[in-house]
Amino acid sequence: MAIKPVLRYGDPKLLKKSRPIKQFDTPELHSLIQDMKDTMHSLNGAGLAAPQIGVNLQLVIFGSQDNPRYPDADAVPFTILINPKLTFVNDTQEEGWEGCLSVPGMRGLVPRYVQLKYQGWDPFGKRISRVAEGFHARVVQHECDHLQGILYPMRIPDLSYFGFNDALFPGQILEED
Ligand code: NI
């Protein structure tokens with residue numbers, strides 16, 4: 001078990017494209033996933049991508065149930081997703097507030113596709129294929145963006161809706177990132 005430091009926005013490693021994983025079910029892969037789980041849970045994150053702990057591979061984890069950082073969000077099943085591919089079902093987008101463990105203490109209003117299909121593999125090389133919508137679809141898009149070197153502030157169309165949690169939401173109890 002190891003909690004790793006999370007790279008912060010500005011670190012050039014976060015801007016690189018990640019490489020696909022070629023071998024499943026290896027001790028190195030399981031150990032990396034355990035580190036990511038420990039790190040995400042220690043920070044109450046809804047998701048984490050491998051490049052955020054400095055590993056340039058196409059691996060994301062996400063899941064949220066009773067997360068104090070996202071108290072109103074729908075439950076998202078805990079998922080380990082490798083070499084993901086997203087397909088958008090239609091053009092409908094909606095805006096929603098996002099945070100990121102690499103941008104601590106801040107939130108921004110980001111448009112995302114409402115519905116999507118995501119495909120990839122689990123750590124044992126078993127196929128994953130799911131449809132998702134709403135917060136679940138948002139989390140998947142946010143995490144998979146990390147694999148392309150994209151962080152959510154780059155997707156904010158109006159920077160009036162980007163700022164510090166306590167300034168944007170005064171008086172509301174939001175967990176510190
Ligand atoms: Ni993030």
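None of the values given here were measured: they were computed from a predicted structure.

**Concerning unusual backbone geometry**
Negative phi is the rule for most residues except glycine; trans is the rule for most peptide bonds. The phi torsion at D25 lies on the positive side, around 55°, for a residue other than glycine. Relative to the assigned elements, D25 resides in the segment before helix 1 (27-42). Assessed through its relative accessible area of 43%, D25 is described here as partly exposed. Phi angles above zero are rare outside glycine, and N44 is one such case at about 55°. Structurally, N44 can be placed in the loop between helix 1 and strand 1 (47-49).

**Some details on the pattern of salt bridges**
Tallied over the full model, the rule gives five salt bridges. Salt bridges sharing partners connect three or more residues here, namely E98, R112, R138, D145 and R155.

Basis of the calculations
Residues numbered from 1 in each chain as written. Predicted model: local features only at pLDDT ≥ 70, side-chain atom pairs only at ≥ 80, totals over all residues. Heavy atoms only, no water. Helix = DSSP H or I, 4+ residues; strand = E, 2+ residues; numbered from the N terminus. Buried < 20%, exposed > 50% of the residue type's maximum accessible area, 1.4 Å probe, protein only. Salt bridge = Lys/Arg side-chain N within 4 Å of Asp/Glu carboxyl O.

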